[in-house]
Amino acid sequence: MMRIKKIASALFSPVPINRDRAIGISERLAALSSLSSSLEYLHQHRNLGPGGLNDWEIMKQTPESKIPAVQKITDVVSGRRTTLALHATRVACSAAMLLPGNGRWRAAGNLYLAATTTLLQARHRYGTDGSDQVATQVQAVNGLARLAPSPQVKDALMWYLALQANMSYAASGWAKMAGTKWRDGSALPGVMRTRTYGFEPAYRLTQRYPRASKVVQHSVLAMECLFPVVYLAGGRLTRPMIASAAGFHVANAFVMGLGRFMTAFPAMHPMIAYTTAPRTLPAVAGRDDRMVKTALVLLAGGAAAAGVLATQRRARAVAGWPKSRTVTTRCGNILTYDVGGRDHPDRPILVFNHGLASTPEHFAWIIERLAFDHGQPVVSYARAGYGPSRRVRSAPYTLQESVDDLVDLVREALPDDRKVVLVGHSLGAEFNRRAVAQLGDRVAGVVYLDPSHPGQLVRSDKQRKGMELFTDSTHEMARWTKAGFGALMTRPRWVDELPYPYRDKVFSLYTDARLWSAASREWDVVREEFGRFEGDLEPVPAPGLVVAAQLTVDVDPEQLLMYHDLVRAHQAAGRPGDVTVVERAGHDTILTNARFARTAADRLAAFVEQHCMPSDPQTAAAPQREAAGKGE
């Protein structure tokens, strides 16, 4: 019994580590990570040469390396000899940091390693990972702590690293919890069977002992999600929590090949031990804990600011445009739509239907080109649940609901005598195709912009393989934006490629939970319905044009075959149909890139002029008179 008490006391007791010892252990573990990293690059020096994975002539074309300041600085070290010389000095510096001692020269060593890692980051796009980022933080903070003039500043810096460690583990755990794979126990076998991080013996064990595999995964989840409890119980949980985390990193090193993780993340553990120990212990008696209160105040301020930002973005997202109009459909949904262009009674109205997780504003370049340069009357609208449009219906969602909404929009918002050309991107194009059966002769034509095909999950291996990832990502985006994390989302580059007046609006829509909830709802039904598609498409009694993106058909040739299927559906009804490809355009850039969008708009306008305009009565009567004359 006494032995058990001693073991329990040793396991569940604070770690009495003082300030200098914590910094010393931390910087040595980080130095091991830098040493390992530079030795790897020296060993794989061929990758730095022409045609290698880290050939600078190729690397400097990446988006982050195109930043002038980054490219100018990195150009200085881009030479193969210079890069290798830097790694050689890093090896020497890292080795020196492993030596005993507590002098101020160690501050320079820490800061040199942190600075050179940052300097070489763009140069080594392939080969860096999260361990390098963690080691850089640890070395920068330890270097500053070594130079700090007072113990209070040192403690603030050490608290910073400890809080970073807690956030790293907790964020990782709750991100895993948001998905289904870690909860249902399929994540570990899935990782173990991959080529990059897989380990066949471990995969076989997960298949042989599925319950044990699930327990391991749930244990990792529990450790990461609950890691901040290390600050409870007066430091008694420090040893088991740190041991669990360190064991997790060791397992990753041997099983997944993430060797540097074994030293980089544990480099923050001494700071956790130092900050969790009660101040009644002599080793930490003089510790300054004001950083915790400061962090809590900053966190509360950040949360309040995020709340205000989210409120402003939601208001912008649901406001619509100054001249927006609404229509209530048979389903009770309230659709918001906008009218533009010149209202020529003799021309069909172009009705634009956006794609999944998209907005009507994505058509901005195309609509401006058609409305201002070609004089086309246009209408764009947001489907129910997107932006200002409201989904009121309480019944489970079906694709037919969106089709019925579109039909009601055309019938109730547009004059009865006006024909329409339905223009849709991605999933919006599929809704348009289905709406033709109800709208009948009112449809003068159908234009598909890199469209979806109801058989794509059956016929395309690429689409089928990407389905699971897309499902997880849309569900996670819906959950995280509902939780208020949309305020933390960075602005995607494609947003700033749209016309200037639309950018803030689109970004507000992109970060709003309504968009991702609507996309998740639609995708769940699309995945189920498309996954069981069989047979041929029904004939579409209207002229049809497919405007394809070159990157889409190049990456997946099956898509081009499906686009021709759509064209044949129009030809089967005795109507013209054609496929045209916009060179270098992608699935989204065919809309967001000005040059590609204008090319698509011009081809759309030519299609309308050739196949969708009402016939001149005199021109139409001529063939009839000629036929009648032949009959006589």
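In this report, the structure presented in the accompanying data block is examined.

Glancing now at the overall build of the chain. When its secondary structure is counted, the chain shows 28 helices and eight strands. Burial statistics for the chain: of 632 residues in total, 47% are counted as buried. Sequence-distant contacts in the chain: of pairs separated by 6 or more residues, those separated by 24 or more amount to 77%. One way to put it: in the chain the 76 positive side-chain charges average out to a point 12 Å from where the 58 negative ones average out.

Here we take up helix H21 (residues 461–482). When the terminal C-alpha atoms of H21 are compared, their 32 Å separation across 22 residues agrees well with the 32 Å that a helix rising 1.5 Å per residue should span. Maximum bend of H21: about 35°, positioned at methionine 467. If you check which residues of H21 are buried, you get Thr471, Thr474, Ala478 and Thr481. Of the surrounding elements, those touching the buried residues of H21 are helix H23 (513–530). Just downstream of H21 lies glycine 484, where phi reads positive at about 95°.

Our focus in this paragraph is the nonpolar core. Judged by nonpolar contacts, the single largest core of 61 residues is most densely connected at Val351, Leu409, Val420, Leu422 and Val443. Take this core: its biggest share by element is eight residues, from H23. Aside from chain neighbours lying at most four places away, what touches valine 443 is Val420, Leu422, Val436 and Ala542. Core analysis: the next-biggest nonpolar cluster, separate from the first, contains 41 residues, Ile23, Met158, Tyr169 and Met268 among them.

Another aspect to go through is the pattern of salt bridges. As enumerated under the stated definition, the model contains 32 salt bridges in all. Residue aspartate 289 pairs with arginine 287 through a salt bridge whose shortest N-O separation is 2.7 Å. Arginine 330 is the partner of aspartate 404 in a salt bridge, and the nearest nitrogen-oxygen pair spans 3.5 Å. With aspartate 404 in helix H18 (residues 399–413) and arginine 330 in the loop between strand E1 (325–328) and strand E2 (334–340), the pair connects residues that are 74 residues apart, well separated along the chain. Relative accessible area serves as the criterion here: at 46%, arginine 330 is assigned to the partly exposed category. Bridged by salt links that share partners, the residues Glu430, Arg433, Arg434 and Glu529 form one connected network.

Looking at the element boundaries, threonine 118 is found in helix H6 (residues 105–119). When the C-alpha positions of threonine 118 and phenylalanine 352 are compared, they lie 46 Å apart, and in sequence the two are 234 residues distant.

Next up on the list: the pairing of strand E7 (residues 544–549). Burial within E7 is extensive, with six of its six residues counted as buried. Residues Gly544, Val546 and Ala548 of E7 are buried on one face, and the alternating residues Leu545, Val547 and Ala549, pointing to the opposite face, are buried as well. Of the pairings in the sheet, the one linking strand E6 (residues 443–449) to E7 comprises four bridges and is parallel in character. Residue pairing for E7: tyrosine 448 is matched across the bridge by valine 546. One ladder, built from six bridges, connects E7 with strand E8 (residues 577–582); its direction is parallel. Its bridge partner lying in E8, alanine 548 is registered against valine 581.

Here we come to the packing of helix H17 (residues 364–373) against helix H27 (residues 594–612). Two packed helices can be described by the angle between their axes and the distance between those axes. Interaxial distance between H17 and H27 falls to 8 Å at its minimum, and their mutual angle equals 45°. One way to sum up the angle between H17 and H27 is to call them oblique. When you trace H17 past H27, the crossing you get is right-handed. Packed against H17, whose contacting residues are Trp365, Ile366, Arg369 and Leu370, the element H27 presents Ala594, Ala597, Arg598, Ala600, Ala601, Asp602, Leu604 and Ala605 at the interface. Looking at the contact of H17 with H27 residue by residue, the classes come out as nine nonpolar, no polar and three charged.

Before going further, it helps to spend a moment on the environment of asparagine 110. Mapped onto the fold, asparagine 110 is located in helix H6. Leave out the neighbours within four places in its chain, and asparagine 110 touches Glu27, Met97, Gln139, Asn142, Gly143 and Arg146.

Right, let's talk about a nonpolar patch on the surface for a bit. Residues Leu111, Leu144 and Leu147 make up a contiguous nonpolar surface patch of roughly 230 Å² in combined accessible area. Tracing the backbone shows leucine 111 in helix H6. Looking at leucine 111, the relative accessible area reads 30%, which means it is partly exposed.

Before going further, it helps to spend a moment on the packing of aromatic side chains. For the structure on display, the rule yields ten aromatic pairs. Centroid distance tryptophan 480 to phenylalanine 485: 5.0 Å. Interplanar angle 80°. Geometry classified as edge-to-face. Residue tryptophan 480 is classed as partly exposed on the basis of its relative accessible area of 28%. Its relative accessible area of 39% is what places phenylalanine 485 among the partly exposed residues. When the ring of tyrosine 510 is compared with that of tryptophan 516, the centres are 5.6 Å apart and the planes differ by 70°; the resulting orientation is edge-to-face.

This paragraph deals with unusual backbone geometry. For aspartate 450, which is not a glycine, the phi torsion comes out positive at approximately 40°. Mapped onto the elements of the fold, aspartate 450 is located in the loop between E6 and helix H20 (456–459). Its identity as a non-glycine residue notwithstanding, arginine 584 has a phi of 70°, on the positive side. Checked against the element boundaries, arginine 584 lands in the loop between E8 and helix H26 (589–592).

In space, the eight strands of this open sheet follow the order E1-E2-E4-E3-E5-E6-E7-E8, with mixed pairing throughout. Edge positions in the sheet fall to E1 and E8, since each of these pairs with one other strand and no more. Going across the sheet, the axis of each strand differs from the next one's by a mean of 25°, ignoring polarity. Against the sheet, H27 engages strand E3 (349–353), strand E5 (420–425), E6, E7 and E8, with an angle of about 155° to E6.

With that settled, the discussion passes to the packing of helix H16 (residues 290–319) against helix H22 (residues 503–510). Running from N to C, H16 and H22 cross one another at 110°; their axes reach a closest spacing of 8 Å. With respect to H22, the axis of H16 lies roughly perpendicular. Contacts from Arg313, Arg316, Ala317 and Ala319 of H16 reach H22 at Asp504, Lys505, Phe507, Ser508 and Leu509. Class assignment for the residues of the contact of H16 with H22 results in four nonpolar, one polar and four charged.

Checked against the element boundaries, aspartate 288 lands in the loop between helix H15 (269–276) and H16. The residues contacting aspartate 288, other than those within four sequence positions of it, are Gln152, Asp155 and Trp159.

For glycine 375, the location among the structural elements is in the loop between H17 and strand E4 (378–382). On the accessibility criterion, glycine 375 (3% relative accessible area) is buried. Residues glycine 375 and histidine 344, spaced 31 residues apart in sequence, show a C-alpha to C-alpha distance of 8.2 Å. Beyond its immediate stretch of four places on either side in the chain, glycine 375 contacts Arg342, His344, Arg347 and Leu370.

Calculation notes
Residues numbered from 1 in each chain as written. Predicted model: local features only at pLDDT ≥ 70, side-chain atom pairs only at ≥ 80, totals over all residues. Heavy atoms only, no water. Helix = DSSP H or I, 4+ residues; strand = E, 2+ residues; numbered from the N terminus. Buried < 20%, exposed > 50% of the residue type's maximum accessible area, 1.4 Å probe, protein only. Contact = heavy atoms within 4.5 Å. Lys, Arg positive; Asp, Glu negative; His and termini not counted. Charge placed at Lys NZ, Arg CZ, Asp CG, Glu CD. Expected span 1.5 Å × (residues − 1). Bend = angle between axes of the 7 residues up to and from the residue. Core = buried A, V, L, I, M, F, W, Y, C linked by side-chain atoms within 4.5 Å. Salt bridge = Lys/Arg side-chain N within 4 Å of Asp/Glu carboxyl O. Pairing = 2+ DSSP bridges. Axes fitted to C-alpha atoms, helices over the stretch in contact; angles between N-to-C directions. Parallel < 35°, antiparallel > 145°, perpendicular 65-115°, else oblique. Left-handed = near helix turned anticlockwise from the far one by under 90°. Nonpolar A, V, L, I, M, F, W, Y, C, P; charged D, E, K, R; others polar. Patch = residues over 30% accessible without salt bridge, like charges linked within 9 Å, V, L, I, M, F, W, Y side chains within 5 Å. Areas by Shrake-Rupley, 256 points an atom, 1.4 Å probe, with all protein chains shown as cover. Phe/Tyr/Trp six-rings, centres within 6.5 Å; stacked < 30°, edge-to-face > 60°.

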